[in-house]
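Structural overview for review
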Amino acid sequence: MASIIEIEEYGSSSVLTHKTRSIVSPKVGEVQIRNLAIGVNYHDVYVRSGLYKTLKLPGTPGCEASGIIEKIGKNVVGFEEGERVTYLTREYGAYASHINIVSEKVLKLPSTLKDELVATNFLRAMTVEMLLNRITSVDSSKTILVTAASGGVGRLLCQWASSRGVKVIGSVGSQEKILETKLNGCLETFVSSDEKFSNKVLDVTNGKGVDIVFDSVGNDTFESSLLSLAHCGYLINFGQSSGPVQPVLMSTLAEKSLSISRPILFHYFGNRKNYENMAASVFKAFEDEIIKVSEFLPFDLKDASNAHDTLESRKGGGSIYLVP
Ligand SMILES: NC(=O)c1ccc[n+]([C@@H]2O[C@H](COP(=O)([O-])OP(=O)(O)OC[C@H]3O[C@@H](n4cnc5c(N)ncnc54)[C@H](OP(=O)(O)O)[C@@H]3O)[C@@H](O)[C@H]2O)c1
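Residues numbered from 1 in each chain as written. Predicted model: local features only at pLDDT ≥ 70, side-chain atom pairs only at ≥ 80, totals over all residues. Heavy atoms only, no water.

1. Overview of the sheet that holds strand β8 (residues 143-146)
- Spatial strand order, β10-β9-β8-β11-β12-β13: six strands in an open sheet with parallel pairing. Of all the strands in the sheet, the pair left with one neighbour each is β10 (188-191) and β13 (259-261). The sheet shows a mean angle of 15° between the axes of neighbouring strands, taken without regard to direction.
- Inspection of the sheet shows strand β12 (residues 229-237) paired to β13 by three bridges, in the parallel sense. Paired with Leu-235 across the strands is Ile-260, a residue of β13.
- Across the sheet, helix α2 (residues 115-135) is in contact with β11 (210-215), β12 and β13; its angle to β12 comes to roughly 140°.
- Along the sheet, helix α3 (residues 152-163) makes contact with β8, β9 (167-172) and β11, crossing β8 at roughly 165°. (Pairing = 2+ DSSP bridges. Helix = DSSP H or I, 4+ residues; strand = E, 2+ residues; numbered from the N terminus. Axes fitted to C-alpha atoms, helices over the stretch in contact; angles between N-to-C directions. Contact = heavy atoms within 4.5 Å.)

The following block contains the structure:
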């Protein structure tokens, strides 16, 4: 029998219900994976709460996991039973002991990378790869602001950007998170709720402002992110941990000739070749320790609701995973 988490209706973490199901054989083009470590992302919270209505109910959430191939369906080439693999999927279903998934979404894992590292940070690292390499070019001539600089995506973004000599300024929700951001490469970090936040950013950039803001907090930081930008600056809003951003007037952008975008990782894969190239870049960054994560927080799959509560309490992002 497979162990799964199912959502019947949107709501708080209590809607994440543990069930068992019989295991069916993979269809043509699919492989069956026994998940060993399942990633827990903010996306899963939006799916559970109903903010995103992208999971057909009743349904099993979860976009990523690492595991072992147990069975191979017809017409699948390039994979073998027993191989260690990972996957990202927009069709969900990762909160389960077993998943049948089309082989195009599956990637072989380098033996050097541990299951918990990949399950907790592959999607996040792919997001950083998209932000730094596909959306804009970020090099040592640039100064950037990263909101939630100690969050799961934020810390990898600070590490990867600072390794290129980019001047990184961070923002965090509380004073005690500042030290960690310095270890991740931030030259300066300010508390996002500080009334003088954007003035402080202007001060440390000689009155100019930053070239790019990477904002994943959304509603609470959006205004200060715009105020922190230099002329011709670029605001990349890629998340909404504090809630969705309100509509913006074009005339607001005209005040400093600003650009703005709202990218989604899955749109940047495009095709299998892109997916493989981005993954290879991420695996190398992990292997070279350009990006690193040292602490992990496992939860039993049955305790998925506790895992969500921990994530939503602004703790543990990038370290939380489920074990079937
Ligand atoms: N566009 C894409 O394709 C893409 C891909 C991956 C992730 N994302 C998005 O990026 C965002 C961050 O993801 P993540 O994996 O880094 O999450 P995470 O590890 O949980 O970090 C989120 C951080 O946001 C901050 N935050 C500010 N206000 C918050 C609030 N009201 N509730 C909870 N946290 C709040 C917290 O840091 P402080 O306490 O320091 O403020 C928290 O640590 C999410 O919205 C996620 O959906 C988007």
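2. Side note on the packing of α2 against α3
- Orientation of α2 relative to α3, taken along the N-to-C sense of each, is 50°, at an axis distance of 9 Å. Here α3 runs oblique to α2, going by the angle between their axes. The two elements α2 and α3 cross, and the hand of that crossing is right-handed. Touching Asn-121, Arg-124, Ala-125, Thr-127, Val-128, Glu-129, Leu-131, Leu-132 and Asn-133 of α2 are Gly-152, Val-153, Leu-156, Leu-157, Trp-160 and Ala-161, all from α3.
- Along the lines of polarity and charge, the residues of the contact of α2 with α3 split into nine nonpolar, four polar and two charged. (Parallel < 35°, antiparallel > 145°, perpendicular 65-115°, else oblique. Left-handed = near helix turned anticlockwise from the far one by under 90°. Nonpolar A, V, L, I, M, F, W, Y, C, P; charged D, E, K, R; others polar.)

3. Focus: the site of the ligand
- As a matter of local geometry, the ligand sits amid 27 residues, with Tyr-46, Arg-124, Gly-152, Lys-177 and Leu-265 nearest to it.
- Interatomic distance of 3.1 Å between a backbone N/O atom of Gln-240 and an oxygen atom of the ligand.
- Of the residues forming the shell around the ligand, the biggest block, three residues, is contributed by α2.
- Taken together, the residues of the shell around the ligand sort by class into 12 nonpolar, 11 polar and four charged.
- When residues are assigned to domains, the shell around the ligand turns out to be shared by domain 1 (2-122 + 268-323) and domain 2 (140-262), each giving three or more. (Near = heavy atom within 4 Å. Polar contact = N/O pair within 3.5 Å; in protein donor to acceptor, adjacent residues only side chain to side chain. Domains from an automatic or database assignment.)

4. A look at the nonpolar core
- By size, the foremost hydrophobic cluster in this structure holds 76 residues, and its most contacted members are Ile-33, Leu-88, Phe-122, Met-126, Ile-144, Phe-214 and Leu-322.
- There are two domains that each give this core at least three residues, and those are domain 1 (2-122 + 268-323) and domain 2 (140-262).
- With sequence-adjacent residues up to four places away left out, Leu-88 is seen in contact with Cys-63, Glu-64, Lys-105, Phe-122, Leu-123, Met-126, Leu-265, Phe-266, Phe-269 and Tyr-275.
- Membership of the second largest hydrophobic core comes to 13 residues, among which are Val-201, Val-210, Phe-222 and Leu-226. (Core = buried A, V, L, I, M, F, W, Y, C linked by side-chain atoms within 4.5 Å. Buried < 20%, exposed > 50% of the residue type's maximum accessible area, 1.4 Å probe, protein only.)

5. Notes on the packing of α2 against helix α9 (residues 272-287)
- Contact geometry for α2 and α9: axes closest at 9 Å, N-to-C directions at 110°. Between α2 and α9, the angle falls in the class roughly perpendicular. For the pair α2 and α9, the sense of crossing is right-handed. Where α2 abuts α9, its residues Leu-117, Asn-121, Phe-122, Ala-125, Met-126, Glu-129, Met-130, Asn-133 and Arg-134 lie against Tyr-275, Asn-277, Met-278, Ala-279, Ser-281, Val-282, Phe-283 and Phe-286.
- The residue inventory of the contact of α2 with α9, partitioned by class, reads 11 nonpolar, four polar and two charged.

6. Here's the deal with the domain arrangement of the chain
- Domain annotation of the chain identifies domain 1 (2-122 + 268-323) and domain 2 (140-262).
- Computed over C-alpha atoms only, the centres of domain 1 and domain 2 are separated by 29 Å.
- Taken together, the contact pairs 16 residues of domain 1 with 12 residues of domain 2.
- It is Ile-290, Ile-291 and Arg-314 in domain 1 that bury the most area against domain 2; as a group they hold 36% of the surface buried on that side.
- Counting across the domain 1 and domain 2 interface gives zero salt bridges.
- Linking domain 1 with domain 2 are six residue pairs in polar contact (both at pLDDT 80 or more), by the criterion used here.
- Of all the elements in the fold, those that place two or more residues in the side of domain 1 that touches domain 2 are α1 (42-49) and α9.
- Tallying contributions element by element places α9 first for the side of domain 1 that touches domain 2, with three residues.
- Residue composition of the side of domain 1 that touches domain 2, grouped by class: nine nonpolar, five polar and two charged. (Buried area = accessible area lost by both parts, 1.4 Å probe. Salt bridge = Lys/Arg side-chain N within 4 Å of Asp/Glu carboxyl O.)

7. Considerations on the state of the cysteines
- With the rule as written, the count across this model stands at zero disulfides.
- Note on Cys-186: no disulfide assigned, nearest cysteine sulfur contributed by Cys-158 at a separation of 3.6 Å. (Disulfide = S-S within 2.5 Å.)

8. Focus: the pattern of salt bridges
- On inspection of all chains with the given rule, the structure shows 14 salt bridges.
- A salt bridge links Glu-6 to Arg-21; the nearest nitrogen and oxygen atoms lie 3.1 Å apart. Here the residue Glu-6 occupies a position in strand β1 (residues 2-6), and Arg-21 occupies one in strand β2 (residues 17-21), the gap between them amounting to 15 residues.
- Given the relative accessible area of 6%, Glu-6 is considered buried.
- Given a relative accessible area of 39%, Arg-21 falls into the partly exposed group.
- Measuring nitrogen to oxygen at the nearest pair gives 2.7 Å for the salt bridge that ties Lys-19 to Glu-8. Here Lys-19, found in strand β2, pairs with Glu-8, found in the loop between β1 and β2; they are 11 residues apart in sequence, far enough to count as distant.
- Under the relative-accessibility criterion, Glu-8 is labelled exposed at 53%.
- Salt bridges sharing common partners tie together Glu-6, Glu-8, Lys-19 and Arg-21.

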